[in-house]
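# Chains, contacts and geometry: an overview
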Amino acid sequence: MGPFDPSAAAAAAAAAAAAASSSSSSSCSGGSAPKRHHHHHHHHPPPDLDGLLAGAGYKVRSSELHHVAQRLERLETALVNSAAHIPHLASDAVHYNPSDLASWVDSMLSELPSSSFSSPCLPSGFPDPYSPAAAALGGGWVDHPSCSPHPQPHQNVVVPQQPQPQQQQQLTVVTALEEDSGIQLVHALMTCAESVQRGDASLAGSLVEEMRALLTRVDTSRGIGKVAGYFIDALGRRLLGLGSAPASAFENEVLYHHFYEACPYLKFAHFTANQAILEAFDGHDCVHVIDFNLMHGLQWPALIQALALRPRGPPLLRLTGIGPPSPDGRDVLREIGLRLAELARSVNVRFAFRGVAASRLEDVKPWMLQVSPKEAVAVNSIMQLHRLLGSDPPRDPPIGSVLPWIRSLNPKIMTVAEQEANHNRPGFLDRFTEALYYYSTLFDSLEAACPVQPDKALAEMYLQREICNIVGCEGAARVERHEPLDRWRARLGRAGFRPLHLGSNAFKQASMLLTLFSTEGYSVEENEGCLTLCWHSRPLIAASAWQAAPTVVNSPAGVINHDDNNNQLSCSPVPMLSIETDIPSSIQ
Amino acid sequence: MAGSNGVGLSESKMVVPLNMWVLISNFKLKYNLLRRPDGTFDRHLAEFLDRKVPANANPVDGIFSFDVIIDRTMNLLCRIYRPAFTEEPQPSLIDLEKPVDAEFVPVIVFFHGGSFAHSSANSAIYDTLCRRLVGICKAIVVSVNYRRAPENRYPCAYDDGWLALKWVSSRSWLQSKIDSKVHIFLAGDSSGGNIVHSVALRAAEAEIEVSGNILLNPMFGGEERTESEKKLDGKYFVGIRERDWYWRAFLPEGENRDHPACNPFGPRGKSLEGIKFPKSLVVVAGLDLIQDWQLAYAKGLEKAGQEVKLLFLEQATIGFYLLPNNNHFYTVMNEISSFVNPNGK
């Protein structure tokens, strides 16, 4: 931050004025401020962020600094003049993305009636902030001589360069390492993984044997001993070329269900997604949820009930559930659909279900979903997108074709929950290390939360499957390719999505959900519009919401131009109870 | 409209760089929303607004960090910051607690500020500050995630601080090679500075050796309204009423500000004479409205025959140490570095 010259200041002031008029139009109207939809754009971070504020967790452009300061001052004055506004801002107003300080202060200002401002809203008439006259008026900020932005030559303190606001390689460890044999085990695990990476199969093999022996001397009922056991097994399987143990869809569902019961991770994901979907569906009479992994439909009763309680009545709800084909002539999807339909009927929500059976998400084509132009669409993906990141070369990972068709549906919202970890690094040792830390934390939380059996044991098996896949498989078989929020942001941004920020209301409700779990240690954190569920400061699951960013050209066939602004759509008549299932392979 | 002088916006603007003003004003406004008149605190909104960063075992600018649960029953977490090892590019799980390699390494047990109610060890501002301390002082920093008011009143924060001190002093991997002892310094800003005093007192009574105390704008007070409080009320980001609110939130219900936790050298204070108390570095900002209490603290130590160095920074406001774009920051960091490395570095 060097000294400013008058022309730069003028340019900054002009930019500030322009920004102010575009973002705070509601506070300039004569009457009360109209209700704003606070879903802000997330621009790719501009390069001229103030580096020191970034280190404090705030993203403010240097060029905007003065503007933000003026807005803060205005807000403060308004609150001083009328302290009655404070409870409103605290309890009623919804806060979004606090890292974006400029939009936060603007949204606070827009919550206040314009009568709180004793001055015109445009900052015209402000003197040049950097002139001595301005200092005398007290109207601006001055580079005070004692506050030099650069270190003085006589100082022998060298401040390390600002850490990058976005870490490229985050590795978060929460530990409570105690015994020595645990340390030995971890050392052996790392050495083994390193030898696997080098291709030294015989060393790796003998290390696996050594570690199995070490395990007998370690407490395998908890902590590092327990997790180590799974990693050792996974390494063993990898060396034998066995990959993951094959699992039936039924087995997967059972394990999933117990994992759901044993700990809050899936519930958090469902709950947060439902909140966002509910908000996105506000004002729409025909809504369509597409669930990328129906399982037992555990997410949907809560949404159905919430829709039933809508002040202006429930919409017509269509649910399309995607899941694997059922063996033995059963139609599991249909059964789930029937159960949900029962529930919907009991609370007077008009409901239609369609099942789409597909072994892999990439086999689903948009036309199978039968999206209608008049409905608001929510695409819901709980721990599914990462499965699309792998492929057997030379094929490209299917994510490249799936994201575009999702976007072509022009969904009102896409809710995404993913493991907050980088288990998709190309280097095996990196992946292994990350996974070891991640699952240690996850198992630690299972331990501490003391869920009942058999939930706990089966939940652990559920996680063991993931470990086995990450460590034991490659190519298309390795489906557990978890990536952290920053990578998903970039990827979804490139695919034409922009974030819908989850706000303080969603945060508060998720936090309150956690208090239902008597174990202390869980917390929710806000991360630039997304919410993460943490165990002891380590984020483990990230929930986010997205919508299609506007484009110039309409996408091709199957696309349907949604008229977002028309809330008064009438729906074509649909029977009260409609259950259909499709099996893609039979329809060509 | 110039900032109406009644709220003192104009004074604070004159003495801090623009981004510092933005940062501290931002906290002031947000904190205003969190304190309820009935003494309760909007913890959900506070946690939502607080900017946090995860630990990072991959070194950034030569420093890595990791979190440790030092007590499961209390759920007490600490974040540990260490200089990166030169030999290996990336620490593995075991290397995190690799024994210290140097002859002498100061271990700074740090208590973040926030008037007992705000912030956490993983708050971005404090994560950044601790990293700077490691770099400048060539120290290991252990930042304690103590329980906060009003949900957890006195003496919870002190108990957590004491637990952390005991844990640190018993880690063999933190021992300096020269004498196989852990050389502990207690440091903290605002409420953290207040915690430093209490923990040091307890350490002295339990005969655990603490090499020094560093108090940055420490939070003290009393029933009396001092000159500085009257003169500076509302002028530089802070006002008396809000100070009162935080004391009501921290002190046991029904207590007043002459409680020794708030006013250690006041009418109900305890004499430190004859106690083997660590040497203290007390940093006072000349534009902090509670400076009279801080100066009284330093004086109280002096009168009790304890070693104390007072650093009075005339034009500094609260929070000056959060950003390295002012002279005060460098002055203080130099002092702290000398304080913890007495053999000259």
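Read on for a plain summary of the structure. (Residues numbered from 1 in each chain as written. Chains lettered and ligands numbered in written order. Predicted model: local features only at pLDDT ≥ 70, side-chain atom pairs only at ≥ 80, totals over all residues. Heavy atoms only, no water.)

### Here we look at the sheet that holds strand E8 (residues 308–313) of chain B
Note the cut-off: The pairing criterion for strands is at least two bridges between them, as found by DSSP. Here a helix means four or more residues in a row that DSSP labels H or I, a strand means two or more in a row labelled E, and each is numbered from the N terminus.
Spatially, 9 strands are ordered E1(A)-E1(B)-E2(B)-E4(B)-E3(B)-E5(B)-E6(B)-E7(B)-E8(B) in an open sheet, and the strand pairing comes out mixed. Every other strand in the sheet has two partners, leaving strand E1 (174–175) of chain A together with E8 of chain B as the edge strands with one partner each. Examined bridge by bridge, strand E1 (residues 63–71) of chain B and strand E2 (residues 76–83) of chain B share 8 bridges and lie antiparallel to one another. Paired with B:Ser65 across the strands is B:Tyr81, a residue of E2(B).

### Notes on the side chain of A:Asn274
All names here are of chain A. Note the cut-off: Burial classification: accessible surface area is computed with a 1.4 Å probe over protein chains only, and a residue below 20% of its type maximum counts as buried, one above 50% as exposed, and the rest as partly exposed. We define a polar contact as two N or O atoms separated by no more than 3.5 Å, with the added condition that, inside protein, one atom must be a possible hydrogen donor and the other a possible acceptor, whereas residues neighbouring each other in sequence contribute only through side-chain atom pairs. By definition, residues are in contact when any of their heavy atoms lie within 4.5 Å.
Topologically, Asn 274 is positioned in helix H12 (residues 265–280). The exposure class assigned to Asn 274 is buried, which follows from its relative accessible area of 8%. A distance of 3.0 Å separates the side chain of Asn 274 from the backbone oxygen of Gln 299, its partner in a polar contact. Once residues lying within four places of it in the same chain are set aside, the contact partners of Asn 274 are Gln 299, Trp 300, Ala 302 and Leu 303.

### Digging into the packing of aromatic side chains
Rules: Each Phe, Tyr or Trp ring, with Trp reduced to its six-membered ring, pairs with another whose centre is within 6.5 Å; inter-plane angles below 30 degrees give stacked pairs, above 60 give edge-to-face pairs, and intermediate values give tilted ones. Any Lys NZ or Arg CZ found within 6 Å of a ring centre and within 35 degrees of that ring's normal is scored as a charge over the ring.
Applying the stated rule across the entire model yields 30 aromatic pairs over all chains. Plain terms: the ring middles of A:Phe507 and B:Phe48 are 5.3 Å apart, the flat faces sit at 70° to each other, and that makes the pair edge-to-face. Taken together, the residues span two chains, with A:Phe507 in helix H19 (residues 504–514) and B:Phe48 in helix H3 (residues 43–49). With relative accessibility at 0%, the residue B:Phe48 sits in the buried group. Judged by centre distance (5.4 Å) and plane angle (65°), the rings of B:Phe64 and B:Phe85 are edge-to-face. Within this pair, whereas B:Phe64 is found in strand E1, its partner B:Phe85 is found in the loop between E2 and strand E3 (106–111), the two being separated by 21 residues in sequence. Across the pair, B:Phe85 and B:Phe64 agree in class, each one buried. Taken together, the ring pairs connect A:Tyr256, A:Phe259, A:Tyr265, A:Tyr462, A:Tyr522 and A:Trp535 into an aromatic cluster. Taking NZ or CZ as reference, A:Arg491 lies 5.4 Å from the ring centre of A:Trp488, over its face. Residue placement shows B:Lys279 over the ring face of B:Phe339; its charged tip is 4.2 Å from the ring centre.

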